[in-house]
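One letter stands for each residue in the lines below.
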Amino acid sequence: MRTAALAFSWAMAILACLFLLAPLLVIAAASLSPTPVFDLPVGGASWKWYGRIASLEGFWPALWLSLQIALLSTALSLVAGTMAAVAIVRGRLPGAEAFAAALVSPLMMPGLVLGIALLQYFRGVGFTASWPALLLAHLVVTLPYVARTMIAGLSRFDFTLIEAALTLGCTWPQSVLRVMIPALAPSFLVAGLFSVLASFDNYPVSIFLTDVRTKTLPIKMLQYIEEAPDPTLAALSTLILLGTLVLLVIADRAVGLSRMAGTAE
Amino acid sequence: MIALLPRVDRDRRVALLLSGPAGLILLALFALPLALLFAVSLQAPPGGPPGGGPGLSLAAYERLLTTPHHLGAVWNSLKLSLAVTIITLLVGYPASFAIARAKGGWRSLMLGCLFLPLAASVIVKAFAWTILLRSSGVINTVLLGLGIVDAPVRMIFTETALIVGAVNVFLPFMILPVFAVVAQLDPRLSEAAATLGANPVAGFLKVTLPVTMPGIVAGVALVSSLSVSAYVVPTLLIGERYPTLASTIAKAYLLSREPAFGAAAGVVLLVIAVAIVVLSSRVSGRVGREGRA
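It should be emphasised that the depicted structure is a prediction, and the values quoted were computed from it without experimental measurement.

With respect to the overall build of chain A
And then number 1: Counting its secondary structure elements, chain A contains 11 helices and zero strands.
And then number 2: What you see in chain A, going N to C, is helices and strands ordered as α-α-α-α-α-α-α-α-α-α-α.
And then number 3: When its C-alpha atoms are laid out on the principal axes, chain A stretches across 70 × 65 × 40 Å.
And then number 4: Across the 265 residues that make up chain A, the buried fraction comes to 51%.
And then number 5: Partitioning the contacts of chain A with sequence separation of at least 6, the portion at a separation of at least 24 is 71%.
And then number 6: When the accessible area of chain A is evaluated, it comes to approximately 11,800 Å², of which 69% is carbon and sulfur surface.

As structure tokens, then:
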């Protein structure tokens, strides 16, 4: 009975892994398609689509915009989220639990609803510039990931270590910089990674805040797929996937994927 | 501010100061916009009934909840969410046990299988399914080649395709929260139950299920609220003919410029998402208590 249950759970895990990887493998194979219609290469493979990535119209500005927004909103969320997490975990903050719940609540929020709410709001206050609107919107997207991870990370941090550092002659800034920040480094990494990915792939919030010249990468990609798809997009996606794979290997070495997954609840 | 940190636990003002920026973001960019959205959804439609000036009106909600087409969109969203949640739970729950019990390299490999797709763009994954499922696609080629079917099976633009794609996108959101709980679980717990005379089924129902309930609930809440509001996957895998709440919202804002109607659809979607989260946490509380009792 127990063996059967174990075998069943292994079967499901392997099935889930193969099923999850299937679309990624299809994209990688389609990027080598010899014809423009996404045939999986049966006869010969062709690298020509990779050569065309650079000439994709509007892709580099979109990629650059997405990177800017993702990195900036993550940096700001890390600062604001960590400060709030310190106040929640350590401070005598009135209503700390309610505040923690409120910080995480945008996670459960349908992206489209947040998108139209912000569109309406920005219009209402006469705020029409697309770039800052996108950045502000992505703050709401990224802050919950950072807050959740940093609250979990800080509740495992032993604050007496700071007092110990003080006793040993460190000044306050020194003890925070040399003791607290290094001890929290894995949490910063996990929070930052989730936050960058959440912003970088965000479609439903961004779609309402873009204008003709300011389009993020996901918006450009969906537009491309709907208009005239060819394997160039698959080539670009494969490169992004390879980049992500490298990031994951680094994260596994630095923090361990198991610890990263442990923050998922 | 860092210089003030030692007094954090004694000084409320510092705590308030520290939570200031995040609080401000929440208030100015989350709470206020949502309040405004609610107000917009109650706006009277332009050119309404004669004599009815501008004011509050439930017209947008009435239109959404009485027109068969729009009611169908609400139903489609709920149906998709329910189907995806059930399937991801049936596959993800047992799978997370194997991943949590796996050793070293195997565990990292399987977690990598979860993280890599999670990091891949939803758009790219949905697009990959259109390649896999179309008439001249991989699955049909294999089926034809093996002689299982004589003519290509129409899969793309069907509800099945939509569910397959959505399960693929949302499965990691079910496995990860359950894994987070199971990984902290002591495997000796179920052995102890067995020693105390519980048969495996009773041991599972009385011990394992209740203690893993927080993970299940987190997963169910995440997957159901994400899939009820999915936009990209239905757009690519089933298209225009299958209206959902999300596509209704997008259309109202991006095409037909009817903010009041779009806002009303947004409020309905929000209420459904919040109801799912609240309901699932209630259920987990009850099962958890009964399990321990």
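Structural notes on the overall build of chain B
And then number 1: Looking only at helices and strands, chain B has 12 helices and zero strands in total.
And then number 2: Secondary structure elements of chain B, listed N to C terminal, follow the sequence α-α-α-α-α-α-α-α-α-α-α-α.
And then number 3: Looking at the 293 residues of chain B, the share that counts as buried comes to 50%.
And then number 4: Taking contacts inside chain B between residues at least 6 apart in sequence as the whole, the part at least 24 apart equals 69%.
And then number 5: By element, 69% of the accessible surface of chain B is carried by carbon and sulfur atoms, the whole surface being about 13,700 Å².

Quick word on the nonpolar core
And then number 1: The biggest cluster of nonpolar side chains holds 178 residues, and the ones touching the most others in it are L103(A), M180(A), L111(B) and F115(B).
And then number 2: For this core, the element with the highest residue contribution is helix α6 (residues 130-155) of chain A, accounting for 14 residues.
And then number 3: If sequence neighbours within four positions are ignored, M180(A) has contacts with V86(A), L154(A), F157(A), F159(A), I162(A) and S175(A).

Some thoughts on the UniProt feature "domain: ABC transmembrane type-1" (unreviewed entry) in chain A
And then number 1: If you check UniProt for "domain: ABC transmembrane type-1" (unreviewed entry), the listed places come out as residues 63-251 of chain A in our numbering.
And then number 2: This span, residues 63-251 of chain A, is 76% helix and 0% strand, and a straight line between its end C-alpha atoms measures 23 Å.

Observations regarding the interface of chain A and chain B
And then number 1: Residue-level contacts link 83 residues of chain A with 100 residues of chain B.
And then number 2: Interface area, chain A with chain B, both sides summed: about 8,000 Å², of which 83% is carbon and sulfur.
And then number 3: Where chain A meets chain B, there are zero salt bridges.
And then number 4: At the surface where chain A touches chain B, the tally comes to five residue pairs in polar contact (both at pLDDT 80 or more).
And then number 5: With 16 residues, the single largest contributor to the side of chain A that touches chain B is helix α1 (residues 2-30) of chain A.
And then number 6: Its residues assigned to classes, the side of chain A that touches chain B shows 66 nonpolar, eight polar and nine charged.

Description of the packing of aromatic side chains
Residues and elements named next belong to chain A.
And then number 1: Under the defined criterion, the tally for this structure stands at 12 aromatic pairs over all chains.
And then number 2: Each ring, one from F59 and one from Y224, has its centre 5.7 Å from the other, and the planes form 85 degrees; the classification is edge-to-face. Of this pair, F59 sits in helix α3 (residues 59-89) while Y224 is found in helix α9 (residues 217-227), placing the two residues 165 residues apart along the sequence.
And then number 3: Ring centres of Y145 and F194 lie 6.4 Å apart, and the angle between their planes is 15 degrees; on these two criteria the pair is classed as stacked. On the criterion of sequence distance, the pair formed by Y145 in helix α6 and F194 in helix α8 (residues 172-200) is long-range, its members being 49 residues apart. As far as the burial class goes, Y145 and F194 line up, both buried.

Section: the UniProt feature "transmembrane region" (unreviewed entry) in chain A
Residues and elements named next belong to chain A.
And then number 1: Mapped onto this numbering, the UniProt entry annotates "transmembrane region" (unreviewed entry) at residues 63-86, 98-122, 128-147, 179-200 and 232-251.
And then number 2: When the span residues 98-122 is considered, its composition is 76% helix and 0% strand, and the gap between its end C-alpha atoms is 27 Å.
And then number 3: Helix makes up 100% of residues 179-200 and strand 0%, whereas the separation of the span's terminal C-alpha atoms amounts to 31 Å.

Details of the state of the cysteines
And then number 1: Scanning the model with the defined rule gives zero disulfides over all chains in all.
And then number 2: Lacking any disulfide linkage, C17(A) is separated from the closest cysteine sulfur, that of C113(B), by 3.8 Å.
And then number 3: Under the relative-accessibility criterion, C17(A) is labelled buried at 8%.

Regarding unusual backbone geometry
And then number 1: With a phi close to 50 degrees, R257(B) is a non-glycine residue in the positive phi region.
And then number 2: By the element assignment, R257(B) lies in the loop between α11 (245-254) and α12 (259-292).

A word on the side chain of S77(B)
All names here are of chain B.
And then number 1: In this structure, S77 sits in helix α3 (residues 68-101).
And then number 2: Polar side-chain contacts of S77 include one of 2.8 Å to the backbone nitrogen of L245.
And then number 3: When sequence neighbours within four positions are dropped, the list of residues in contact with S77 reads V228, T244, L245 and A246.

Some remarks on the UniProt feature "transmembrane region" (unreviewed entry) in chain B
And then number 1: Here the UniProt feature "transmembrane region" (unreviewed entry) sits at residues 14-40, 80-99, 111-132, 162-183, 216-239 and 260-279 of chain B.
And then number 2: For residues 260-279 of chain B, the end-to-end C-alpha separation is 28 Å, with 100% helix and 0% strand making up the annotated structure.

Brief notes about the environment of P231(A)
All names here are of chain A.
And then number 1: Within the element layout of this structure, P231 appears in the loop between α9 and α10 (232-254).
And then number 2: Relative accessible area serves as the criterion here: at 0%, P231 is assigned to the buried category.
And then number 3: Along the primary structure P231 and P34 are separated by 197 residues, whereas in three dimensions their C-alpha atoms are 9.1 Å apart.
And then number 4: Once residues lying within four places of it in the same chain are set aside, the contact partners of P231 are A30, S31, S33, T35, P36, F38 and W49.

Looking at the pattern of salt bridges
All names here are of chain B.
And then number 1: For the coordinates displayed, the defined rule picks out two salt bridges over all chains.
And then number 2: Across the pair E258 and R63 runs a salt bridge, and its minimum N-O distance is 3.1 Å. On the criterion of sequence distance, the pair formed by E258 in the loop between α11 and α12 and R63 in helix α2 (residues 59-66) is long-range, its members being 195 residues apart.

Points about the side chain of S206(A)
Residues and elements named next belong to chain A.
And then number 1: Within the fold, S206 resides in the loop between α8 and α9.
And then number 2: Owing to a relative accessible area of 0%, S206 belongs among the buried residues under this scheme.
And then number 3: A distance of 2.9 Å separates polar atoms of two side chains, one belonging to S206 and the other to H138.

Some words on the packing of helix α5 (residues 111-124) of chain A against helix α1 (residues 12-41) of chain B
And then number 1: The N-to-C vectors of α5(A) and α1(B) enclose an angle of 85 degrees; their axes lie 8 Å apart at closest approach. As far as their axial angle goes, α1(B) and α5(A) are roughly perpendicular. Across the interface between the two elements, V113(A), L114(A), I116(A), A117(A), L118(A), Q120(A), Y121(A) and F122(A) of α5(A) pack against A28(B), L29(B), F30(B), L32(B), P33(B), L34(B), L36(B), L37(B) and V40(B) of α1(B).
And then number 2: Broken down by class, the residue content of the contact of α5(A) with α1(B) amounts to 16 nonpolar, one polar and no charged.

Conventions and cut-offs
Residues numbered from 1 in each chain as written. Chains lettered and ligands numbered in written order. Predicted model: local features only at pLDDT ≥ 70, side-chain atom pairs only at ≥ 80, totals over all residues. Heavy atoms only, no water. Helix = DSSP H or I, 4+ residues; strand = E, 2+ residues; numbered from the N terminus. Buried < 20%, exposed > 50% of the residue type's maximum accessible area, 1.4 Å probe, protein only. Contact = heavy atoms within 4.5 Å. Areas by Shrake-Rupley, 256 points an atom, 1.4 Å probe, with all protein chains shown as cover. Core = buried A, V, L, I, M, F, W, Y, C linked by side-chain atoms within 4.5 Å. UniProt positions renumbered as here; feature names shortened; annotations may be inferred. Buried area = accessible area lost by both parts, 1.4 Å probe. Salt bridge = Lys/Arg side-chain N within 4 Å of Asp/Glu carboxyl O. Polar contact = N/O pair within 3.5 Å; in protein donor to acceptor, adjacent residues only side chain to side chain. Nonpolar A, V, L, I, M, F, W, Y, C, P; charged D, E, K, R; others polar. Phe/Tyr/Trp six-rings, centres within 6.5 Å; stacked < 30°, edge-to-face > 60°. Disulfide = S-S within 2.5 Å. Axes fitted to C-alpha atoms, helices over the stretch in contact; angles between N-to-C directions. Parallel < 35°, antiparallel > 145°, perpendicular 65-115°, else oblique.

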